[in-house]
Amino acid sequence: MASTDTGADSKNGGSPAAGEPQDSHDLAGLEAGLDALDAVQVRRTPLRETLIRKVLPPVTAVALVLVVWQLLVWAEAAPAYKLPSPSAVWDEVTDAWLQGTLLEYIWTSVSRGLIGFLMALAIGTPLGLLVARVKFVRAALGPILSGLQSLPSVAWVPPAVLWLGLNDSMMYAVILLGAVPSIANGLVAGIDQIPPLFLRAGRTLGATGLREAWHIVMPGALPGYLAGLKQGWAFSWRSLMAAEIIASSPDLGVGLGQLLENGRNNSSMSQVFLAIFLILLVGIAIDLLIFSPLERRVLRSRGLLVTR
C-alpha cells in the first residue's frame, strides 16, 4: 500500500511539475504579445515614400491611358469626330478656362451634390437608427429601403420634374431618393455588426436612449456607416448627373451633366470627353479629400492602420 501511494504521489506530483513550464511559457508568450501591441507606434510616412507609393501609380496609369489614346488617334482607329485627340480635349479645357466657365460648370454641380448629400445625411442617419433599433419599423421599411437602393436613380427624374418642375428642388429630390437608402442601409449594416456584449455593457453603465445611440451604437457602427456614406455620395453624384442630363432649363444653369448633354447635341466629342473627365475628376477629388482621410482615421483609432 505504501509503495502504491508513493507511486501515485509521484505521478500526481510529476503532473504539475511537467505542466508548470508549459503554463509559464504560454503566459510569457501572452505577455510578449501584449508588449508588442503596446510597442506599436504610429509613424508618418516620409514624403518621398508617399509620392512613390500613392502618387506615382495613378500618374503612371493616366500617362499610359493618354499614350494609348494618342496611338489610337495616330492609327486612325476611328474618325476624328468620334475619337478626338487628347490635344483637342485640352483645347476645350483651355477655352472653358479662358471664357471663365470651367469653374462655373464644376461649382454648379458640386454645390448641388454636396447640399443634397448633406440633406440625405440628415435624413438617412436617424432613419437608419430607427430601422436598426425598432423591429416593427425594420420589418416595414427594411425591404423598401433595399428596393429603393437597387432602383436606378434616373427613374426618379421624370416624376420629380412633374411634381416639382425644372428647378433646384427637383435636383435635390432626385439626390435624396438616390442617397438616403444607401446611407440608412449602411448604418443598419454597421449596427448589426456590433457585438451584443457592447450594448449590454453600455446599458449596465446607464447608456440608454440617445446616450446609447451616441456613445455605443454610432461608434460601434462607424466602419459600416462610413461605407454607407461613401456609397451614398456615389449615388448622390450619379443621381445629380442623371437629373442634369435629362432636365435642362436656363434657370438651372449649366452643370457638368448639362455640359455633357450639350456636347452630344452639338456633336462635339471633345466637349463630351471634357464633361466626362470633369465628372470623374470631381468624384476622385471628393474621395481623396473627404472619405479617404475619414477612413484612415477610423482604422487608425481601432489600431488597424499603423502607418499612413
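Please refer to the structure higher up on the page.
Structure report, in brief. (Residues numbered from 1 in each chain as written. Predicted model: local features only at pLDDT ≥ 70, side-chain atom pairs only at ≥ 80, totals over all residues. Heavy atoms only, no water.)

Quantified by volume, the largest pocket comes out at close to 570 Å³. Taken together, 15 residues form the lining of the largest pocket, with Val62, Leu66, Trp69, Phe277 and Leu280 sitting closest to its centre. For the lining of the largest pocket, the secondary structure elements donating two or more residues are helix H2 (47–74), helix H3 (86–98) and helix H12 (269–301). Per-element accounting of the lining of the largest pocket gives the leading share, 6 residues, to H12. Of the residues contributing to the lining of the largest pocket, the split by class is 15 nonpolar, no polar and no charged. (1 Å grid on protein atoms, 1.4 Å probe; cavity = no way out; pocket = protein on both sides within 12 Å on 5 of 7 lines; lining within 4 Å. Points joined across faces, edges and corners; volume = space filled by probe spheres on them. Helix = DSSP H or I, 4+ residues; strand = E, 2+ residues; numbered from the N terminus. Nonpolar A, V, L, I, M, F, W, Y, C, P; charged D, E, K, R; others polar.)

By the definition in use, this model includes 1 cavity of 30 Å³ or more. If you trace the largest cavity, you find it lined by Arg112, Met171, Glu244, Ala247, Ser248, Ser249, Leu252, Gly253, Gly255 and Gln258.

If a residue is not glycine, its phi is most likely negative; likewise, a peptide bond is most likely trans. For Glu76, which is not a glycine, the phi torsion comes out positive at approximately 55°. Looking at the element boundaries, Glu76 is found in the loop between H2 and H3.

The next thing to look at is the side chain of Ser268. Inspection of the secondary structure assignment puts Ser268 in the loop between helix H11 (256–265) and H12. The class for Ser268 is buried, based on a relative accessible area of 16%. If sequence neighbours within four positions are ignored, Ser268 has contacts with Glu92 and Gly263. (Buried < 20%, exposed > 50% of the residue type's maximum accessible area, 1.4 Å probe, protein only. Contact = heavy atoms within 4.5 Å.)

Summed over the entire model, instances satisfying the criterion amount to 4 aromatic pairs. Ring geometry for Trp69 versus Phe273: centroids 5.3 Å apart, planes at 35°, classification tilted. Highlighted residues: Trp69 in helix H2 and Phe273 in helix H12, separated in sequence by 204 residues. Ring centres of Trp233 and Trp237 lie 5.6 Å apart, and the angle between their planes is 20°; on these two criteria the pair is classed as stacked. With Trp233 and Trp237 both in helix H10 (residues 222–246) and 4 residues apart, the pair spans about one turn of that helix. (Phe/Tyr/Trp six-rings, centres within 6.5 Å; stacked < 30°, edge-to-face > 60°.)

Right, let's get into the pattern of salt bridges. Overall, the coordinates contain 6 salt bridges when judged by the stated rule. For Asp192, the salt bridge is made with Arg138, and the minimal N-O distance between the two is 2.5 Å. Taken as a pair, Asp192 in helix H7 (residues 168–192) and Arg138 in helix H5 (residues 135–150) lie far apart in primary sequence, 54 residues in all. Judged by relative accessible area, Arg138 falls into the partly exposed class, the value being 31%. Between Lys230 and Asp287 there is a salt bridge; the shortest N-O distance is 3.9 Å. Of this pair, Lys230 sits in helix H10 while Asp287 sits in helix H12; the two residues are 57 residues apart in sequence, bridging distant segments of the chain. For Lys230, a relative accessible area of 29% translates into the label partly exposed. A cluster of three or more residues bridged by salt bridges with shared partners is formed by Arg112, Asp168 and Glu244. (Salt bridge = Lys/Arg side-chain N within 4 Å of Asp/Glu carboxyl O.)

Another point: the side chain of Arg112. Note on placement: Arg112 falls in helix H4 (residues 102–133). Judged by its relative accessible area of 5%, Arg112 falls in the buried class. What Arg112 contacts, discounting residues up to four positions off in sequence, is Asp168, Met171, Tyr172, Ile175, Leu240, Glu244, Leu252 and Gly253.

Interaxial distance between H4 and H12 falls to 11 Å at its minimum, and their mutual angle equals 50°. Between H4 and H12, the angle is such that the two are oblique. Considering the relative orientation of H4 and H12, their crossing is right-handed. From H4, Leu102, Ile106, Val110, Leu114 and Phe117 reach across to H12, where they touch Leu278, Val282, Ile286 and Phe291. Taken together, the residues of the contact of H4 with H12 break down into 9 nonpolar, no polar and no charged. (Axes fitted to C-alpha atoms, helices over the stretch in contact; angles between N-to-C directions. Parallel < 35°, antiparallel > 145°, perpendicular 65-115°, else oblique. Left-handed = near helix turned anticlockwise from the far one by under 90°.)

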